[in-house]
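One-letter residues, chain by chain:
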Amino acid sequence: MIKKERISFFQLFALLYTCRLLTVVTFSPTLNDGELNGNYLPDIFFFIVFLLLMIIPEALFIKRFSGFTPVSLIKEQSDFFSKSAALFYSLVLLFFASVSVSRFYIFTTSVIFPEKNMSFLLVVSILVCAYSAFLGLEATARGNIVLLFIIIIGIASILFFVRNEMSLYNFEPIYSDSVGSYLKSGFFAALRTVEATLLMFLVPKCSGKAKKSAAFWLLFFFFSLSVLFVFLNGVSGVFAETQLFPFYSLAVIARFPFFDRLDAVITAVFIFSILVKTSLIFYVSAELLNGVLSKDRRVNLLLCSALVSVLSLVLSLNLGVHKAANSPYIFGGLMLLTTVIIPSVLIIKFKGKKV
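Computed from a prediction, not measured in an experiment: that's the story for all the values here.

### As for the overall build of the chain
And then number 1: Looking only at helices and strands, one finds 15 helices and two strands in the chain.
And then number 2: In terms of overall dimensions, the chain is globule-like: its C-alpha atoms have a radius of gyration of 20 Å, near the 20 Å expected for 355 residues.
And then number 3: Across its three principal directions, the C-alpha atoms of the chain cover 60 × 45 × 40 Å.
And then number 4: In the chain, the proportion of contacts linking residues at least 24 apart, taken out of those at least 6 apart, comes to 84%.
And then number 5: For the chain, the computed accessible surface area is about 16,100 Å², with 70% contributed by carbon and sulfur atoms.
And then number 6: Each charge sign in the chain was given a centre, from 29 positive and 18 negative side chains, and these centres are 13 Å apart.

Shown next, in the form of structure tokens:
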């Protein structure tokens, strides 16, 4: 069973909200093949439905095996398979982190500093995330509350100053795409929800009431997601489908009384979100690797940093490589395996057994 550091469920779901927000604001029609059509609202509805269905096995696992993770549960029967599972989960999580970091690298080298080599900045950023993970879950959770407040204010400012650019003519009729197309888009979007995998490893480190916090943050996430895409649809219309990063383009359109552009705000949102998400993945991965590679958290974090640095640069070489790694077949397949299949198998395997 896992104890040690403790955070509240409110802090946990705030962390997961920030992580998921990164995926939303870095949404790219070019890089996210098959995820979301030009008519985003029906896609979002089906995304929510599929996401809730996907986390059912996790919810049942958490309820049935309170205080356990898949790795600690497997350890009850086999130390070897437990270490194998820990290594597998950590590598999958680090792969997820590499995809996110590589997308941020593509953003900086294609939008902020075109044609510039930002490898040094990428490595430094990853080391900062490793240091944040070294400080512990409690420090990351407390820091996230502050960063999340800044992020929400920043996004709200952009939406406020772009409101006059909205037009009903930019919204496509719901019947413009088939139900099958919406189902496919919503399903593919749900397959990229990394936070579902993290959830099983972080719940045992939480205290307090989970249901109220979960309900609040889920509703707030669904509300904010809908608002963001309503504005993206209403302001950009089909133009958004031609942009590498539509939400950045939306920020460029916004006008502030004292500044010509608010793209610096969305850039800050990207940076804050990627720091929180990568730090959280590093923390969980280092915990999983404890006893598998090294019992020293610093060694494990350095190994995580090295792997993510190399893999992120490889995935950033060209858009084709990144798209392949982020595809619903590779990325999504790993999500289904770690979030749905393994918890389901463990529930069946340990049915009726005391743990």
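### Notes on helix 2 (residues 40-54)
And then number 1: For helix 2, spanning 15 residues, the distance from its first C-alpha to its last is 20 Å, which sits close to the expected 21 Å at 1.5 Å a residue.
And then number 2: Residues of helix 2 that are buried: Tyr40, Pro42, Asp43, Ile44, Phe46, Phe47, Ile48, Leu51 and Met54.
And then number 3: On its buried face, helix 2 sits against helix 1 (9-25), helix 3 (56-64), helix 8 (179-190), helix 10 (210-236) and helix 15 (331-349).

### Re the nonpolar core
And then number 1: One finds Leu12, Phe229 and Phe282 to be the most contacted residues of the largest nonpolar core, which totals 109 residues.
And then number 2: Sort the elements by how many residues they give to this core and helix 5 (residues 79-112) lands first, with 15 residues.

### A few points about the packing of helix 1 against helix 10
What describes two packed helices is the angle between their axes and the distance between those same axes.
And then number 1: Two elements in contact, helix 1 and helix 10, have axes separated by 9 Å at closest approach and are oriented at 20°. Between helix 1 and helix 10, the crossing angle belongs to the class labelled roughly parallel. Every pair of crossing elements has a handedness; the one defined by helix 1 and helix 10 is right-handed. Facing helix 1, whose interface residues are Phe9, Phe10, Phe13, Ala14, Tyr17, Arg20, Leu21 and Val24, helix 10 presents Ala210, Ser213, Ala214, Phe216, Trp217, Phe220, Phe221, Ser224, Leu225, Leu228 and Phe229.

### Considerations on the environment of Leu315
And then number 1: Note that Leu315 resides in helix 13 (residues 297-315).
And then number 2: With relative accessibility at 5%, the residue Leu315 sits in the buried group.
And then number 3: Residues within four places of Leu315 in sequence aside, it is in contact with Ser98, Val99, Ser102, Val321, His322 and Ala325.

### Here's the deal with the environment of Ala306
And then number 1: Along the chain, the position of Ala306 falls in helix 13.
And then number 2: By relative accessible area, which is 42% here, Ala306 ends up partly exposed.
And then number 3: The sequence separation of Ala306 and Val49 amounts to 257 residues, and the corresponding C-alpha distance is 37 Å.

### Regarding the side chain of Ser78
And then number 1: Relative to the helices and strands, Ser78 resides in the loop between helix 4 (70-74) and helix 5.
And then number 2: A distance of 3.1 Å separates the side chain of Ser78 from the backbone nitrogen of Phe81, its partner in a polar contact.

### A word on the state of the cysteines
And then number 1: Counting across every chain of the model gives zero disulfides.
And then number 2: For the unlinked cysteine Cys19, the closest cysteine sulfur is that of Cys129, found at 11 Å.
And then number 3: A residue is classified by how much of its surface remains accessible, and Cys19, at 0% relative accessible area, is buried.

### Topic: the layout of surface pockets
And then number 1: Estimates place the volume of the largest pocket at around 780 Å³.
And then number 2: Taken together, 27 residues line the largest pocket, and the ones lying closest to its centre are Phe13, Ile62, Leu199, Val203 and Ala214.
And then number 3: Contributions of two or more residues to the lining of the largest pocket are made by helix 1, helix 3, helix 9 (195-202) and helix 10.
And then number 4: With seven residues, the single largest contributor to the lining of the largest pocket is helix 10.

### Side note on the confidence of the model for the chain
And then number 1: Predicted confidence across the chain gives a mean pLDDT of 84, with 92% of residues reaching 70 or more.
And then number 2: Highest mean pLDDT in the chain belongs to helix 13 (92); lowest belongs to helix 11 (residues 246-253) (81).

Conventions adopted
- Residues numbered from 1 in each chain as written.
- Predicted model: local features only at pLDDT ≥ 70, side-chain atom pairs only at ≥ 80, totals over all residues.
- Heavy atoms only, no water.
- Helix = DSSP H or I, 4+ residues; strand = E, 2+ residues; numbered from the N terminus.
- Rg over C-alpha atoms; globule rule 2.2 N^0.38 Å.
- Contact = heavy atoms within 4.5 Å.
- Areas by Shrake-Rupley, 256 points an atom, 1.4 Å probe, with all protein chains shown as cover.
- Lys, Arg positive; Asp, Glu negative; His and termini not counted.
- Charge placed at Lys NZ, Arg CZ, Asp CG, Glu CD.
- Expected span 1.5 Å × (residues − 1).
- Buried < 20%, exposed > 50% of the residue type's maximum accessible area, 1.4 Å probe, protein only.
- Core = buried A, V, L, I, M, F, W, Y, C linked by side-chain atoms within 4.5 Å.
- Axes fitted to C-alpha atoms, helices over the stretch in contact; angles between N-to-C directions.
- Parallel < 35°, antiparallel > 145°, perpendicular 65-115°, else oblique.
- Left-handed = near helix turned anticlockwise from the far one by under 90°.
- Polar contact = N/O pair within 3.5 Å; in protein donor to acceptor, adjacent residues only side chain to side chain.
- Disulfide = S-S within 2.5 Å.
- 1 Å grid on protein atoms, 1.4 Å probe; cavity = no way out; pocket = protein on both sides within 12 Å on 5 of 7 lines; lining within 4 Å.
- Points joined across faces, edges and corners; volume = space filled by probe spheres on them.
- pLDDT = per-residue confidence, 0-100.

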